[in-house]
Amino acid sequence: MKVSYYPGCTLKTKARNLEDTAIGALAVLGVELVELPRWNCCGAVTSLAQDDLLHMLAPVRDLIRAKEQGSDKLVTICSMCYNTLARANLLMRNDAEKRDALNRFMDEEPDYAGEVEVIHLLNFIRDEVGWDKLRAAVRRPLTGLRVAPYYGCTLVRPAEVAIEPAVDATVFEKFIEALGAQLVHNPGAFDCCGSYQILSHPKQALAASAELLGKAKNKGADVLALSCPLCDYNLGKRQNELVADHGLESKLPTIYFTQLLAVALGLDSSLCHFELNHEGTRSLLEERNLISTVAV
Amino acid sequence: MRHGFAPGRICSHWEDQMRILINGRTVDEDFIERVEEISEQNIKRCMQCGTCSASCPMEADMDLSPRVVMHFTQMGLRDVVQGANTVWICASCHTCEARCPRGVDLPKIMEAIRLLTLRKNKDAVDPRQLEATVIDEAPQAAMVGCFRKLTA
Ligand code: SF4
Ligand code: SF4
């Protein structure tokens with residue numbers, strides 16, 4: 001099966017570990033992620049001003065590229081891209097006046113009315129692969145690894161683009177269980193890590209990050225699974241500061257859900273680019289004999 | 001608990017430093033209208049329950065809590081609201097929006113108040129001030145998101 005795929009800027013550079021494992025793992029599951037031609041940055045955040053249509057152009061152009069590919073579905077992996085594209089898509093579907101204004105503004109593009117469905121990879125796996133097929137494909141079950149899911153903000157808010165309704169969401173949990181890992185209930189699963197405020201108000205963002213990591217840690221998690229490169233930066237790469245200055249008692253490695261998938265499917269761990277992760281991620285998986293020790 | 005639910009609190013240093021005058025002449029109707037127009041929200045819907053402030057991950061460091069921003073915006077106190085750091089610390093996480101019992105989309109109101117400053121070509125963050133290691137390591141999503149929200 002082939003499906004249109006929007007990578008976004010971060011997956012091409014600082015989150016290669018997210019993209020490469022997704023493409024590799026999906027290939028094993030019989031799915032080819034077909035990257036959009038001529039995609040552009042989605043803008044990372046949605047414009048919340050009702051009189052600002054200009055910032056809708058970028059995500060809508062990406063949706064038009066998917067329609068041009070003849071697709072009715074567009075898969076994304078980065079949580080922020082997912083949110084931005086899904087919200088722009090809803091605007092084009094539901095607001096006739098703004099849709100017309102945007103279509104007229106982009107008169108070099110074919111008209112667009114929200115025909116494409118924006119799908120996050122977790123939901124795509126749930127609906128198009130299915131938990132049974134995923135379980136059957138696992139070659140190296142993550143037995144004994146205590147994994148806490150972290151949805152963050154942009155997969156579940158606002159409600160109209162939530163991959164599943166926040167309070168009752170189970171897709172991440174079922175994904176973790178299908179890989180044979182031990183699911184850890186995470187009371188901070190929907191908390192905010194401080195997002196882009198890491199650049200302008202780092203102290204506040206790091207405090208929010210430390211608090212939510214502490215919640216998963218207290219439940220006995222070995223590792224926090226996530227799908228957002230910005231969350232991974234705040235929670236993973238800046239984690240030493242959380243321990244040093246923000247009261248996080250001990251470290252908690254972070255990992256992209258696609259890396260867990262790649263490991264469980266038995267893919268070569270070089271594909272996982274653990275050098276881009278939290279420093280403890282690779283050693284945790286080595287200790288548990290889930291990946292082989294490699295000389296770096 | 002780091003974020004105590006304190007409905008009466010505005011913020012400690014605010015109380016120390018400021019007295020706020022409210023009368024017919026301090027109500028800036030234009031401010032109220034502009035915020036409502038840009039956000040497409042009816043700010044009178046807010047009943048001051050404080051659920052937003054109690055839910056906000058950034059509230060501890062805000063000059064005015066989200067509830068108080070709502071209150072002072074209802075009262076048209078443009079300078080007080082625009083002079084506070086609240087809208088610049090907000091991370092647009094939508095937790096308040098998800099929980100507000102009155103259906104107020106507070107992130108849109110925060111954005112409207114930010115834009116009333118940004119549209120005067122005033123930036124709230126200077127990209128040149130970022131440390132080199134941060135520029136090297138931070139994901140594009142952080143840069144693009146931050147500059148989209150906090151620069152003109
Ligand atoms: S949660 Fe809603 S109604 Fe309650 S104070 Fe905040 S904005 Fe007002
Ligand atoms: S959207 Fe802003 S005000 Fe609302 S809870 Fe999040 S950080 Fe606080």
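Predicted model only: the values in this text are computed from it and were never measured.

Caption draft 1: Quick peek at the overall build of chain A. Counting its secondary structure elements, chain A contains 13 helices and eight strands. Each principal axis of the C-alpha distribution contributes one length, and for chain A these read about 55 × 45 × 35 Å. The buried share among the 296 residues of chain A stands at 61%. Relative to all contacts within chain A whose residues are 6 or more apart in sequence, the contacts with residues 24 or more apart total 77%. For chain A, the accessible area works out to roughly 10900 Å², and carbon and sulfur atoms hold 50% of it. Positive and negative charge centroids in chain A, built from 31 and 38 side chains respectively, lie 3 Å apart.

Caption draft 2: Summary view of the packing of helix α4 (residues 66-74) of chain B against helix α8 (residues 106-118) of chain B. Residues and elements named next belong to chain B. Relative orientation of the contacting elements α4 and α8 amounts to 65°, with a least axis distance of 11 Å. As for the relative orientation of α4 and α8, their crossing is left-handed in sense. Across from Pro 66, Val 69, Met 70 and Thr 73 in α4, the residues of α8 making contact are Leu 106, Ile 109, Met 110 and Ile 113. Looking at the contact of α4 with α8 residue by residue, the classes come out as seven nonpolar, one polar and no charged.

Caption draft 3: A look at the packing of aromatic side chains. Residue and element names in this part refer to chain A. A complete count under the given rule lists six aromatic pairs over all chains for this structure. Measuring from centroid to centroid gives 5.5 Å for Tyr 151 and Phe 172, while their planes differ by 85°, and the two rings are edge-to-face. Taken together, the residues span a long stretch of sequence, with Tyr 151 in the loop between β5 (146-149) and α7 (171-178) and Phe 172 in helix α7 at a distance of 21 residues. Taking the centre distance of 5.6 Å and the plane angle of 75° together, the rings of Phe 175 and Phe 257 count as edge-to-face. Linking Phe 175 in helix α7 with Phe 257 in helix α12 (residues 257-264), this pair joins segments that are 82 residues apart in sequence. Of the two residues, Phe 175 and Phe 257, neither departs from the other in class, the shared state being buried. A network of ring pairs unites the aromatic residues Tyr 151, Phe 172, Phe 175, Phe 190 and Phe 257 as a single cluster.

Caption draft 4: Representation of the pairing of β5 of chain A in the model. Residues and elements named next belong to chain A. Across two bridges, the pairing between β5 and strand β6 (residues 182-183) is parallel. By the bridge assignment for β6, Val 147 is matched with Leu 183. Running through α7, the crossover from β5 to the neighbouring parallel element β6 is right-handed. The pairing of β5 with strand β7 (residues 223-226) spans three bridges and is classified as parallel. Paired with Pro 149 across the strands is Ala 225, a residue of β7.

Caption draft 5: Spotlight on the domain arrangement of chain B. All names here are of chain B. Domains assigned within chain B are domain 1 (27-120) and domain 2 (125-152). Taking only C-alpha atoms into account, the centre of domain 1 sits 24 Å from that of domain 2. Of the residues lining the interface, five residues belong to domain 1; the matching set on domain 2 comes to four residues. Taking both sides of the interface into account, the surface hidden between domain 1 and domain 2 amounts to around 410 Å²; carbon and sulfur atoms contribute 56%.

Caption draft 6: View of the site of ligand 2. Around ligand 2, the structure places Cys 56, Pro 57, Met 58, Pro 66, Cys 90, Ala 91, Ser 92, Cys 93, His 94, Cys 96, Pro 107 and Met 110 of chain B. Looking at the shell around ligand 2 residue by residue, the classes come out as 10 nonpolar, two polar and no charged.

Caption draft 7: Region of interest: α4 of chain B. All names here are of chain B. Within α4, seven of the nine residues are buried, leaving the element largely enclosed by the surrounding structure. Here α4 has its buried residues at Pro 66, Arg 67, Val 68, Val 69, Met 70, Phe 72 and Thr 73. At the C-terminal side of α4, Gly 76 shows a positive phi close to 70°.

Caption draft 8: Spotlight on the sheet that holds strand β8 (residues 254-256) of chain A. All names here are of chain A. The parallel open sheet is built from four strands, whose spatial order is β6-β5-β7-β8. The open sheet has two edge strands, β6 and β8, and neither has a second partner. Lying over the sheet, helix α10 (residues 229-237) contacts β7 and β8, oriented at roughly 165° with respect to β8.

Caption draft 9: Quick peek at unusual backbone geometry. Residues and elements named next belong to chain A. Residues Arg 157 and Pro 158 are joined by a peptide bond in cis, for which omega reads -10°. One non-glycine residue, Arg 38, adopts positive backbone phi at about 55°. Positionally, Arg 38 belongs in the loop between β2 (32-35) and α2 (57-68). The class for Arg 38 is exposed, based on a relative accessible area of 62%.

Caption draft 10: Main features of the site of ligand 1. Around ligand 1 lies a shell of 13 residues, among which Cys 46, Cys 49, Gly 50, Cys 52 and Cys 100 of chain B are the nearest. For the shell around ligand 1, a count of residues per class yields eight nonpolar, three polar and two charged.

Caption draft 11: Expanded view of the sheet that holds strand β1 (residues 2-6) of chain A. All names here are of chain A. The strand order across the open sheet formed by four strands is β2-β1-β3-β4, and the pairing between neighbours is parallel. In this open sheet, the two edge strands, each paired with only one partner strand, are β2 and β4 (117-120). Here the strands of the sheet are splayed against their neighbours by 45° on average, with no regard to which way each runs. Of the strand pairs in this sheet, strand β3 (residues 73-76) and β4 are connected by four bridges, and their pairing is parallel. Residue pairing in the sheet places Thr 76 in a bridge with His 120 of β4. Running over the sheet, helix α1 (residues 16-28) touches β1 and β2 and is turned about 130° from β2.

Caption draft 12: Focus on the environment of Thr 73 of chain B. Residue and element names in this part refer to chain B. The topology assignment puts Thr 73 in helix α4. Along the primary structure Thr 73 and Val 35 are separated by 38 residues, whereas in three dimensions their C-alpha atoms are 8.3 Å apart. Setting aside residues up to four positions removed in sequence, Thr 73 forms contacts with Phe 31, Ile 32, Val 35, Ile 43, Val 81 and Ile 113.

Scoring rules and cut-offs
- Residues numbered from 1 in each chain as written.
- Chains lettered and ligands numbered in written order.
- Predicted model: local features only at pLDDT ≥ 70, side-chain atom pairs only at ≥ 80, totals over all residues.
- Heavy atoms only, no water.
- Helix = DSSP H or I, 4+ residues; strand = E, 2+ residues; numbered from the N terminus.
- Buried < 20%, exposed > 50% of the residue type's maximum accessible area, 1.4 Å probe, protein only.
- Contact = heavy atoms within 4.5 Å.
- Areas by Shrake-Rupley, 256 points an atom, 1.4 Å probe, with all protein chains shown as cover.
- Lys, Arg positive; Asp, Glu negative; His and termini not counted.
- Charge placed at Lys NZ, Arg CZ, Asp CG, Glu CD.
- Axes fitted to C-alpha atoms, helices over the stretch in contact; angles between N-to-C directions.
- Left-handed = near helix turned anticlockwise from the far one by under 90°.
- Nonpolar A, V, L, I, M, F, W, Y, C, P; charged D, E, K, R; others polar.
- Phe/Tyr/Trp six-rings, centres within 6.5 Å; stacked < 30°, edge-to-face > 60°.
- Pairing = 2+ DSSP bridges.
- Right-handed = clockwise from strand over helix to strand, strands pointing away.
- Domains from an automatic or database assignment.
- Buried area = accessible area lost by both parts, 1.4 Å probe.
- Near = heavy atom within 4 Å.

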